[in-house]
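Geometric and topological summary
Take a look at the letters that make up each chain.
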Amino acid sequence: MYVFLCGCRRNGIDAGVVERLVRDRVEGESVHLVDGVADQELGQVFRNLFVEVRVADTPDDLVFVWRV
């Protein structure tokens, strides 16, 4: 679960759902960016690709700020 320490959202968001949506977006751009990457290594790949990923009202409402 992702929680929001600022208090702006009472309920946490399922981290698995958010991470799957982020991976889907990366694969949509180029499957080679995550092809063969182990799940535990995805965080570093995402940090290299994104300045941030913002969650709006639901995990489906992601805003991607790409580093590249």
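Read on for a plain summary of the structure. Only a predicted model underlies this, so the values are computations on that prediction, with no experimental measurement involved.

**What about the overall build of the protein?**
- Counting its secondary structure elements, the protein contains 2 helices and 2 strands.
- Listing the helices and strands of the protein from first to last along the sequence gives α-α-β-β.
- By its C-alpha atoms, the protein is 35 × 20 × 20 Å across when sized along the principal axes.
- Sorting the 68 residues of the protein into buried and exposed places 24% on the buried side.
- Approximately 4900 Å² of the protein is accessible, and the part contributed by carbon and sulfur atoms is 50%.
- Of the side-chain charges in the protein, 8 are positive and 12 negative, and the distance between the mean point of each set is 6 Å.

**Notes on the pattern of salt bridges**
- In the structure shown here, the tally under the stated rule is 6 salt bridges.
- The partner of Glu27 in a salt bridge is Arg20, with the nearest N and O atoms 3.3 Å apart.
- Classification of Arg20 as partly exposed rests on a relative accessible area of 41%.
- Between Arg23 and Glu27 there is a salt bridge whose closest N-O contact spans 3.2 Å. Of this pair, Arg23 and Glu27 both sit in helix H1 (residues 15–29), separated by 4 residues, roughly a single helical turn.
- When salt bridges that share partners are traced, they join Arg20, Arg23, Asp24, Glu27 and Asp39 into one network.

**Digging into the environment of Trp66**
- Along the chain, Trp66 falls in strand S2 (residues 62–66).
- When its relative accessible area of 25% is taken as the criterion, Trp66 is described as partly exposed.
- Spatially, the C-alpha atoms of Trp66 and Val51 are 5.7 Å apart, while their sequence positions differ by 15 residues.
- Setting aside residues no more than four positions away along its own chain, Trp66 makes contact with Arg25, Val26, Glu29, Leu49, Phe50 and Val51.

So, how was this worked out
- The residue numbers shown here count from 1 along each chain, following its written sequence.
- Owing to the predicted nature of the model, reporting of local features is limited to residues with pLDDT of at least 70; listing and counting of side-chain atom pairs is limited to 80 or more, with chain, interface and lining totals taken over all residues.
- Hydrogens are left out, water is left out, and the side-chain values use all remaining heavy atoms of the structure.
- Note on conventions: DSSP H or I runs of at least 4 residues are helices, E runs of at least 2 residues are strands, and numbering of each starts at the N terminus.
- Any residue under 20% of the maximum accessible area for its type is buried, any over 50% is exposed, and the rest in between are partly exposed; the area is computed with a 1.4 Å probe on protein chains only.
- We get accessible surface area from the Shrake-Rupley algorithm with a probe of 1.4 Å; when it comes to residues, only the shown protein chains can shield them.
- The positive count covers Lys and Arg only, the negative count covers Asp and Glu only, and His and the chain ends enter neither.
- Lysine's charge is taken at NZ, arginine's at CZ, aspartate's at CG and glutamate's at CD.
- Any carboxyl oxygen of Asp or Glu that lies within 4 Å of a side-chain nitrogen of Lys or Arg is treated as forming a salt bridge with it.
- By definition in these notes, contact holds between two residues if any of their heavy atoms fall within 4.5 Å.

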